[in-house]
Amino acid sequence: MRRLFCCLLAALGLLLLTPGTAWAQVHQHENEDGVAMVRSLESLRDLDYDSWQAVAYREGPPGQPVVLRVVGYPGKLRLDHPVSLQVLAGRREWQLDDITLANPVLATDGRDAAAEFALDPLLDDLSNNRPLRLALPGVFTELPIPPYVVGEWRSLQELPLS
C-alpha cells in the first residue's frame, strides 16, 4: 500500500511540475548586415517524411514584416519563382506571396534550397494558435505545423528587441 501511495504521489508531482506546452526557441541576434532580428526555427517533417526547416523571422523593431523561410536540402527545393505557399487550417485557406527574389542572397543562390513567403497576411487573420498545413506545389503536398510553432510565429509580430 505504501508503494502504491508513493507511485501515485510521484505521478501527481510529475503532472503538476511538467509544463503544459512545448515551445520551439525564439532567438534574437543580428543578421549579416548588423540589423537586430528575432526568429523562430523549427525542423519539421512532411507526410513523405522529408525534413524541412521552417524559419519565421522579423528584422528590426515590432511592426516590421514577418517572413517565413522554408529550407530543404540543396537540390530538394527547385522552384520557378514566384510560387505561392498554400496554407490550410480546417476549411480556411490562404495563399502566401513568394518573396524569395526580393532577398538578394537567395535570388543569387544557385542551390535553390530555400524559398521565402510574406507571413503577415496569415498572422493578421489568425485569432488562435491552430494547427496549420502547408503545401508548396511540386515540392511537398502537406507539411504539418503544430500549434506551438504557430504561437511563436504570432509572437514575432510584436516581440520587443532587447
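Everything discussed here concerns the structure shown above.
Report follows, based on the coordinates. For clarity, every value in this text was computed on a predicted model and none was experimentally measured. (Residues numbered from 1 in each chain as written. Predicted model: local features only at pLDDT ≥ 70, side-chain atom pairs only at ≥ 80, totals over all residues. Heavy atoms only, no water.)

1. Considering the environment of Pro 131
No. 1: By the secondary structure assignment, Pro 131 is in the loop between α3 (120-125) and β8 (132-136).
No. 2: For the pair formed by Pro 131 and Tyr 148, sequence separation is 17 residues and the distance between their alpha carbons is 8.4 Å.
No. 3: Setting aside residues up to four positions removed in sequence, Pro 131 forms contacts with Leu 88, Ala 89, Ile 145 and Pro 147. (Helix = DSSP H or I, 4+ residues; strand = E, 2+ residues; numbered from the N terminus. Contact = heavy atoms within 4.5 Å.)

2. Some remarks on the sheet that holds strand β9 (residues 140-145)
Paired through backbone hydrogen bonds, the strands of a sheet run either parallel or antiparallel to each other.
No. 1: Ordered in space as β6-β5-β8-β9, the 4 strands form an open sheet in which the pairing is antiparallel. Looking at the sheet topology across the chains shown, the edges are occupied by β6 (92-96) and β9. In this sheet, neighbouring strand axes are inclined to one another by 25° on average, regardless of whether the strands run parallel or antiparallel.
No. 2: Where β8 meets β9, 4 bridges bridge the pair, whose relative direction is antiparallel. (Pairing = 2+ DSSP bridges. Axes fitted to C-alpha atoms, helices over the stretch in contact; angles between N-to-C directions.)

3. So, the side chain of Asp 98
No. 1: Relative to the elements of secondary structure, Asp 98 occurs in the loop between β6 and α2 (104-107).
No. 2: Within the buried set, Asp 98 has no salt-bridge partner at all; the shortest N-O distance to an opposite charge, 10 Å, is to Arg 69.
No. 3: A distance of 2.6 Å separates the side chain of Asp 98 from the side chain of His 81, its partner in a polar contact.
No. 4: Polar side-chain contacts of Asp 98 include one of 3.0 Å to the backbone nitrogen of Val 83. (Buried < 20%, exposed > 50% of the residue type's maximum accessible area, 1.4 Å probe, protein only. Lys, Arg positive; Asp, Glu negative; His and termini not counted. Salt bridge = Lys/Arg side-chain N within 4 Å of Asp/Glu carboxyl O. Polar contact = N/O pair within 3.5 Å; in protein donor to acceptor, adjacent residues only side chain to side chain.)

4. Quick notes on unusual backbone geometry
Most peptide bonds adopt trans geometry, and most residues besides glycine take a negative phi value.
No. 1: Although it is not a glycine, Tyr 49 sits at a positive phi angle of roughly 70°.
No. 2: When you line up the elements, Tyr 49 lands in the loop between β2 (36-45) and β3 (51-59).
No. 3: Residue Tyr 49 is classed as exposed on the basis of its relative accessible area, which comes to 59%.

5. Regarding the environment of Leu 123
No. 1: Relative to the assigned elements, Leu 123 resides in helix α3.
No. 2: Placed 27 residues apart in sequence, Leu 123 and Val 150 show a C-alpha to C-alpha distance of 8.6 Å.
No. 3: Once you skip the residues sitting within four places of it in the chain, Leu 123 turns out to touch Val 66, Trp 153, Arg 154 and Gln 157.

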